[in-house]
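# Residue-level structure breakdown
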Amino acid sequence: MKRLIMLSVMMLFAITSFAQNPIYDAYSNKEGVSSVYISPMMFRLMGNLPELKVNEDGIDMSPAVKSLQGFYMLTSESVDVVNQLHKDVEHYISKNIYKKLMEIRDNEEYVNMYLIEDPDYVRSFILCTKDVDSYTFICLDGQMERKVFYDLLKHLSHF
Amino acid sequence: MKRIEDIEQMNLDDFERIARDDEVVEPTTLKPKIENTIMALSMSAKSKRYKNKHIYYYIGSGLLAAAASVAAFIIISSSQPKDTFDDPQMAYAELQKTFAFISSKMNDGISKMNEVQKNIELSNNLINNINNK
């Protein structure tokens with residue numbers, strides 16, 4: 001019985017940390033921050049859109065979109081928020097197993113892209129851009145096949 | 001073995017004498033049989049108690065699992081952020097916009113890398129030319 005109770009407590013802890021983005025949770029309701037969240041359910045609905053099933057390349061992108069499990073975006077132009085958000089994002093990335101994909105520095109602006117991936121799948125993608133007075137944080141979670149992820153990036157940028 | 005006629009001819013004294021003389025012999029297999037029966041009965045009672053304990057354990061586990069499921073559902077549904085869009089078409093448009101942004105940033109990085117690579121190639125060519133002279 002003791003084991004069972006321990007297991008239940010551990011499950012509850014696991015559930016509370018399940019599928020959440022702590023950065024989004026902390027900043028989405030703050031003043032001076034605009035936020036966008038797309039849930040796994042919405043991705044599944046989106047996967048049924050006809051324009052995804054037949055695109056100009058003849059590729060069905062719906063499975064890729066359905067494999068996405070969360071889209072989080074935060075943007076802010078408030079200086080106080082920008083600095084704090086930047087610190088928190090850096091901390092969050094260093095605490096997790098993100099690998100740096102690309103870093104671009106151009107005068108005052110810099111762009112960083114991070115990935116969590118294994119040989120077959122991209123599990124999470126983060127892009128953050130920081131300017132003097134603005135910050136954008138984009139996080140895409142899911143279980144996307146690597147090739148499909150890059151195809152999706154290529155396809156969705158054509159509009 | 002006495003026959004019925006013999007028994008009919010016997011008187012009371014004969015009966016008393018037979019009762020005194022003939023001991024009732026206890027069968028040798030009776031004692032182990034009784035012991036076995038007692039042991040079997042005691043084991044069956046124990047197993048019944050054990051079964052009852054197990055049933056309580058299963059009921060307890062079931063109730064706990066149900067409570068955990070309800071708690072999990074409440075936690076998940078209350079902690080999940082609210083969808084920004086109700087319409088998948090609008091969500092798709094936002095996703096397209098974001099992917100275009102990501103793509104443009106990636107292209108910036110790649111073009112900068114290409115520039116650097118061109119410069120490295122130029123330098124290498126210059127060094128090769130100097131070495132060849």
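Analysis parameters
- Residues numbered from 1 in each chain as written.
- Chains lettered and ligands numbered in written order.
- Predicted model: local features only at pLDDT ≥ 70, side-chain atom pairs only at ≥ 80, totals over all residues.
- Heavy atoms only, no water.
- Contact = heavy atoms within 4.5 Å.
- Buried area = accessible area lost by both parts, 1.4 Å probe.
- Salt bridge = Lys/Arg side-chain N within 4 Å of Asp/Glu carboxyl O.
- Polar contact = N/O pair within 3.5 Å; in protein donor to acceptor, adjacent residues only side chain to side chain.
- Phe/Tyr/Trp six-rings, centres within 6.5 Å; stacked < 30°, edge-to-face > 60°.
- Buried < 20%, exposed > 50% of the residue type's maximum accessible area, 1.4 Å probe, protein only.
- Helix = DSSP H or I, 4+ residues; strand = E, 2+ residues; numbered from the N terminus.
- Pairing = 2+ DSSP bridges.
- pLDDT = per-residue confidence, 0-100.

A word on the interface of chain B and chain A. Taken together, the 37 residues of chain B in the interface contact 48 residues of chain A. For the chain B and chain A pair, buried surface summed over both sides reaches about 3,700 Å², with 76% attributable to carbon and sulfur atoms. On inspection of chain B and its partner chain A, the count reaches two salt bridges. Notably, a salt bridge pairs glutamate 109 of chain A with lysine 105 of chain B, separated by 3.1 Å at the nearest N-O pair. Applying the counting criterion to the chain B and chain A interface returns three residue pairs in polar contact (both at pLDDT 80 or more).

On to the packing of aromatic side chains, then. Residues and elements named next belong to chain A. With the rule as written, the count across this model stands at five aromatic pairs over all chains. Residues tyrosine 92 and tyrosine 98 carry aromatic rings whose centres are separated by 6.1 Å and whose planes lie at 50° to one another, so their mutual orientation is tilted. Tyrosine 98 matches tyrosine 92 in its accessibility class, with the two residues each being buried. Ring centres 5.5 Å apart and planes at 50° place the aromatic pair phenylalanine 125 and phenylalanine 149 in the tilted group.

This next bit is on unusual backbone geometry. For asparagine 107 of chain A, which is not glycine, the phi dihedral falls at a positive 55°. Its location among the elements puts asparagine 107 of chain A in the loop between β3 (99-106) and β4 (109-117).

The next subject is the pairing of β3 of chain A. Residue and element names in this part refer to chain A. Here β3 pairs with β4 via seven bridges, running antiparallel. Looking at β4, one finds that arginine 105 is bridged to tyrosine 110. The turn linking β3 back onto β4 is made up of two residues, and asparagine 107 within it adopts a positive phi angle of 55°.

Turning our attention to the confidence of the model for chain B. In low-pLDDT regions, the fine details of the predicted coordinates are not to be read closely. Of the residues in chain B, 92% have a pLDDT of 70 or more, and the chain-wide mean is 81. Across the interfaces of the predicted complex, the ipTM metric reaches 0.79, alongside a pTM of 0.65.

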